[in-house]
Amino acid sequence: MLTHPTRVSKALFIPCVQFSSSHLHYQHTYTHISRLQMASSSSHLNHHQLPNIHDGATAAPPPTPSFTHPNTTAKSETAADALFHLFHRLPPNLSLPTRRSSVVASLPTVSFPAGSCDDLISAATEFGYFNLASNDDSDTIIPSGLAEAAESDSLALLELSEEEKESSFPKNWPLGYETESETPSFCLDADCSTESSELKLSSLREFTRSLEKVGLKTVEMLARALGLENPFGNDSTRFSTLMWLNQGVPDDKPAITNGFYPFVVCLQYQIREQKYWLLSESGWVSVSPRVNSVLVTLGDIAQVWRSGKLKRVRYRPVVCSGQLDGARKSVTMTLMLTLRMDSMVSPLKDISDVDKEEEYAEKHDEEGRVFRSFCFEDYAWRVYHERLFFKDPLDRYKIKT
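Residues numbered from 1 in each chain as written. Predicted model: local features only at pLDDT ≥ 70, side-chain atom pairs only at ≥ 80, totals over all residues. Heavy atoms only, no water.

## What to know about the nonpolar core
Here is step 1: Formed by 73 residues in total, the largest nonpolar core has its most connected members in Leu204, Phe207, Leu245 and Val264.
Here is step 2: It is helix H7 (residues 202-226) that contributes the most residues to this core, ten residues altogether.
Here is step 3: Residue contacts for Val264: discarding those within four places in its chain leaves Val219, Phe232, Thr297, Leu298, Gly299, Ile301, Ala302, Trp305, Leu337, Thr338 and Leu339.
Here is step 4: Counting ten residues, the second-largest nonpolar core is a separate cluster that includes Ala105, Leu278, Val285 and Val319. (Core = buried A, V, L, I, M, F, W, Y, C linked by side-chain atoms within 4.5 Å. Buried < 20%, exposed > 50% of the residue type's maximum accessible area, 1.4 Å probe, protein only. Helix = DSSP H or I, 4+ residues; strand = E, 2+ residues; numbered from the N terminus. Contact = heavy atoms within 4.5 Å.)

In structure tokens form, the structure reads like this:
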């Protein structure tokens, strides 16, 4: 049978896409599948080649010429199917890498607790992150020594055995110990609740509550600057506070080591001089917050609230490479203000529309809408478990014009 090696080779080509997670590269997997496909096709085309019990091959007489063309379409579909199934066999904590960038970004500063509205609006609409610093250089946003004591509590959790980590915290997603994460990670509530009477996290609990107050004040300042009603007000049932603890890992590139979780704002207190990677809408950027300040990042919920007019950061801050001592464990303590599971997410109304006639306000609101309302629990579950970086998870909720 007459064959066309060139055509067969093209039909069996599988692109060698490179994946990275825990420094494992899957390029060889795709190459291996490509070779298997070629070997399979070669075996199919040379069907007159007989096996030999001595690991050799006995050549058969030359085949009778035929004018039947090889079914390259079927082979292409087989190769595509193999690639498709490989994608879907990847473990849930592996995913396609985002476009990485080595950009060193400027970090706007906003005074606390009485920041300029112009500074806030500029930082929120142009960056999606900013440095929150005290008005008085002699004062600190968090009580002196509290952050260090909380860090000691957090490091002690990393020293627990795997069994203790899993049994000492509630298993009420997203709370608890993340067993499927690439690095040790805990998600705690505002009280840092545990199921162990032996764990004393008093400093971490006080630190969490102190940072929560800063976060609520920041949301209030931002809402006022943007001309919105404070979405949280003084009602604790309107929001949820989570403290995420992640063990730092030295690496030469920023990495997503744990699941995404939607948030309004994230706050990271700067204990010492340290750089962080942020996954901005334009890619990875590195920033250097001031010591004793708070790094604030705006999330996807804040962006929906303001109908897409704010920039956002898609993930928690990641410690920059080259700053971690391999002999000493480090931990990042990120406070997240987010919504309760039963919440609905939708754009907020401007304060100027609140007192206007209901019919006018609704019409004006619909004209300015970019996103339709959606259930927070469904969205949170999807972005956490799918971890799809190539597509914006908010796209499905955008109103098509």
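## Here's the deal with the sheet that holds strand S7 (residues 129-134)
Here is step 1: What the eight strands build is an open sheet, ordered S6-S7-S14-S11-S16-S10-S9-S8; its pairing is mixed. What marks the edges here is a single partner per strand, and that holds for strand S6 (109-112) and strand S8 (176-177).
Here is step 2: Two strands pair when backbone bridges link them, and S8 and strand S9 (residues 185-188) are joined in this way by two bridges, in the antiparallel orientation. Opposite Gly176, over in S9, you have Cys187 as the bridge partner. (Pairing = 2+ DSSP bridges.)

## Overview of the environment of Ala105
Here is step 1: Within the secondary structure layout, Ala105 lies in the loop between strand S5 (103-104) and S6.
Here is step 2: When the C-alpha positions of Ala105 and Phe127 are compared, they lie 9.4 Å apart, and in sequence the two are 22 residues distant.
Here is step 3: If we skip the residues at most four places from it in the chain, Ala105 touches Tyr129, Val285, Ser286 and Val287.

## What to know about the side chain of Asp153
Here is step 1: Counting through the fold element by element, Asp153 comes out in helix H5 (residues 146-158).
Here is step 2: Notably, Asp153 is buried but unbridged: the nearest opposite-charge side chain belongs to Arg205, and the N-O separation is 7.5 Å.
Here is step 3: Here the side chain of Asp153 touches Ser203 through a polar contact of 3.2 Å, landing on its backbone nitrogen.
Here is step 4: Excluding anything up to four places from it in sequence, Asp153 contacts Lys200, Leu201, Ser202, Ser203 and Leu204. (Lys, Arg positive; Asp, Glu negative; His and termini not counted. Salt bridge = Lys/Arg side-chain N within 4 Å of Asp/Glu carboxyl O. Polar contact = N/O pair within 3.5 Å; in protein donor to acceptor, adjacent residues only side chain to side chain.)

## A few points about the packing of aromatic side chains
Here is step 1: Tallied over the entire structure, the rule returns 15 aromatic pairs.
Here is step 2: Ring geometry for Trp173 versus Tyr384: centroids 5.4 Å apart, planes at 75°, classification edge-to-face. Here Trp173, found in the loop between helix H6 (162-167) and S8, pairs with Tyr384, found in helix H11 (residues 376-386); they are 211 residues apart in sequence, far enough to count as distant.
Here is step 3: Both rings, one in Phe374 and one in Tyr379, keep their centres 5.2 Å apart while their planes meet at 55°; by these two values the pair is tilted.
Here is step 4: What makes Phe374 buried here is its relative accessible area of 4%.
Here is step 5: It is Arg316 that lies over the ring of Trp244; its NZ or CZ is 4.1 Å from the centre. (Phe/Tyr/Trp six-rings, centres within 6.5 Å; stacked < 30°, edge-to-face > 60°. Lys NZ or Arg CZ within 6 Å of the ring centre and 35° of its normal.)

## With respect to the packing of H5 against H7
Here is step 1: In the contact formed by H5 and H7, the axes pass within 7 Å of each other and the chain directions differ by 125°. One way to sum up the angle between H5 and H7 is to call them oblique. Taken as a pair, H5 and H7 cross one another with a handedness that is left-handed. For the pair H5 and H7, the contacting residues are Leu146, Ala147, Ala149, Ala150, Asp153 and Ser154 in the first and Ser202, Ser203, Leu204, Glu206, Phe207 and Ser210 in the second.
Here is step 2: Tallied by class, residues from the contact of H5 with H7 come to six nonpolar, four polar and two charged. (Axes fitted to C-alpha atoms, helices over the stretch in contact; angles between N-to-C directions. Parallel < 35°, antiparallel > 145°, perpendicular 65-115°, else oblique. Left-handed = near helix turned anticlockwise from the far one by under 90°. Nonpolar A, V, L, I, M, F, W, Y, C, P; charged D, E, K, R; others polar.)

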